[in-house]
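Okay, here's what each chain looks like letter by letter:
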Amino acid sequence: MDLQKNIRERCHVNKNDEGDSFVGVKADTDDAVIYFPIGYQLPPNDDDLRADINNLFYVLAAFMKEDKLIEESKFAAPRTVDFPMHAYLKVIRDFLRTGRYYIETDPRFKTDTKGNASWPRTVREQRALVQKNGSLIFTNMTVRSVTPNADKKITQIHRYCVYEAFDKMGWLYVPYMPEKPGPHPDNREAIYILEKKLASTHNDVEQELFSAMVSMLKYMDEKSSEKQYFFGTDFFERIWEKMIDKAFGIEDKDRYFPRTRWLLDYGPNRSKTPLQPDTIMIYNGKVYVLDAKLYRYGYSGNPDHLPNGPDINKQITYGEYIERAKGVPSENLYNAFIMPFNREDNTFFEMGADGNPISRVTDNIGNIGEAVGDWKPDPKNYERVQGIVIDTRFLMYNYIGMPDQQKRQLAEAIEKVETRAPVPRPAT
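Residues numbered from 1 in each chain as written. Predicted model: local features only at pLDDT ≥ 70, side-chain atom pairs only at ≥ 80, totals over all residues. Heavy atoms only, no water.

Chemist: For this particular structure, what's the right way to read the nonpolar core?
Modeler: Taken as a class, soluble globular proteins show a tendency for nonpolar side chains to be buried jointly. Membership of the largest hydrophobic core comes to 84 residues, with the highest contact counts inside it found for Phe-57, Met-169, Met-243, Phe-248, Leu-290 and Ile-390. Beyond its immediate stretch of four places on either side in the chain, Met-243 contacts Val-59, Phe-63, Phe-236, Leu-395, Met-396 and Tyr-399. Ile-250, Ile-322, Val-328 and Leu-333 belong to the second largest nonpolar core, which has 10 residues in total. (Core = buried A, V, L, I, M, F, W, Y, C linked by side-chain atoms within 4.5 Å. Buried < 20%, exposed > 50% of the residue type's maximum accessible area, 1.4 Å probe, protein only. Contact = heavy atoms within 4.5 Å.)

Chemist: Got a minute to help me understand the confidence of the model for the protein chain in this structure?
Modeler: Low-pLDDT stretches of the model should not have their predicted coordinates read in fine detail. On average, residues of the protein chain score 84 in pLDDT, and 84% of them are at 70 or above. At the low end of the mean pLDDT range in the protein chain sits strand β15 (residues 357–359), at 63; at the high end sits strand β13 (residues 333–341), at 97. Low pLDDT, under 50, characterises residues 72–81; the predicted model gives this stretch 20 contacts beyond four residues in sequence or across chains. (pLDDT = per-residue confidence, 0-100. Helix = DSSP H or I, 4+ residues; strand = E, 2+ residues; numbered from the N terminus.)

Chemist: Please explain the environment of Val-162 as it appears in this structure.
Modeler: Structurally, Val-162 can be placed in helix α4 (residues 153–169). For the pair Val-162 and Ile-92, spaced 70 residues apart in sequence, the C-alpha separation works out to 6.5 Å. Ignoring sequence-local partners within four residues, the contact set of Val-162 consists of Val-91, Phe-95, Tyr-101 and Pro-178.

Chemist: What should I look at first to understand the sheet that holds strand β3 (residues 32–36) in this one?
Modeler: The pairing of strands in a sheet happens through backbone hydrogen bonds and is either parallel or antiparallel. Pairing in this open sheet of four strands is mixed, and the strands run β1-β3-β2-β8 from one edge to the other. Whereas interior strands pair on both sides, the edge strands pair on one side only; in this sheet they are β1 (11–13) and β8 (229–233). Each strand of the sheet is rotated relative to its neighbour by a mean of 15 degrees, with strand direction disregarded. Inspection of the sheet shows β1 paired to β3 by three bridges, in the parallel sense. Counterpart to His-12 in the pairing with β3 is Tyr-35. (Pairing = 2+ DSSP bridges. Axes fitted to C-alpha atoms, helices over the stretch in contact; angles between N-to-C directions.)

Chemist: Before we go on, may I ask you to explain the side chain of Glu-320 in this structure?
Modeler: Here Glu-320 shows up in helix α9 (residues 309–326). For Glu-320, the contacting residues outside a window of four places in its chain are Lys-376, Tyr-382 and Glu-383.

Shown next, in the form of structure tokens:
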């Protein structure tokens, strides 16, 4: 790994088009590249950039574990999808925190008047004073002490894992490599030793470290000969949907799903899989149907990169169902597409009188227009699907526990439909 290469040179923000949709890290023995999703603004400070990379890994790990489809890959080159990213980072962070390798200790015993007494040894080895009532008092005890042993196998294994972790991912933290490990058990013996130690230790810190080392060793034992690996997904649109749902959605959204069934002339009636809106947000007694789309419009400004007719009609159908079947008044029902953008670098501006561009979307959340169905004359609010953009970096840091202020901001951006002019008649 080229330790002199600037971390910023290893970062890429994808355009979410053909061949540029992967989000995560790709690496081999020579170098690594971090791929951020469309709309991401890289911070100017390298320390903040390292924090962003770690947050990216956290987001990927959280949702890839939850949704197995995200783990599928389109890559033709042989790689493993099981790279234990968090195990590598755990070993690195632990080493940087402690500044040393794990040292096993050998038990030693000595005679002393205080300390952690070994009573079986004390009874065998020390002379007791007999009291009048027959009880025994030991003026000296055999106590346990420990002696560090840097030659033990777990220490050797730790040195090996630390070097491997820094070789793959250490550049995320420091431009430095620890010394090469000395002799150590092979991977399978090392796994056996660590799992045996895990079964006997009750120290939480040790358990986390040894578990991470086991994950690393299992990966190293199975990895392909090409020594290429990646951690990430080609399906970040699913993560975008899930972040929007966690940030703004309600838990029981399934009651808003429009359901269908066949009434068959022959055989039993059959229900079909219901239409499922991505997210239902309820704020101040109003219902907002949200469809998260990882589309490129927020980056390109090209109308061809917006949701198309089937998407628009499906959103209108959701609204009709909620109004009719759930009794939600149309004045309290809204519809929106949620797309990514970069609030610091986008195409949403107008030219001012002085000839300089004036940005029209400067917040983390903004409204960029609306989609309508020409088959809906005099459309209701929910039949005018609002186009909303959300800053990618902001969402990735705030999708858990989204502040109420941002939910209000999203609601206000969607409710902009109420101030829009009537929808013009389509050209004939």
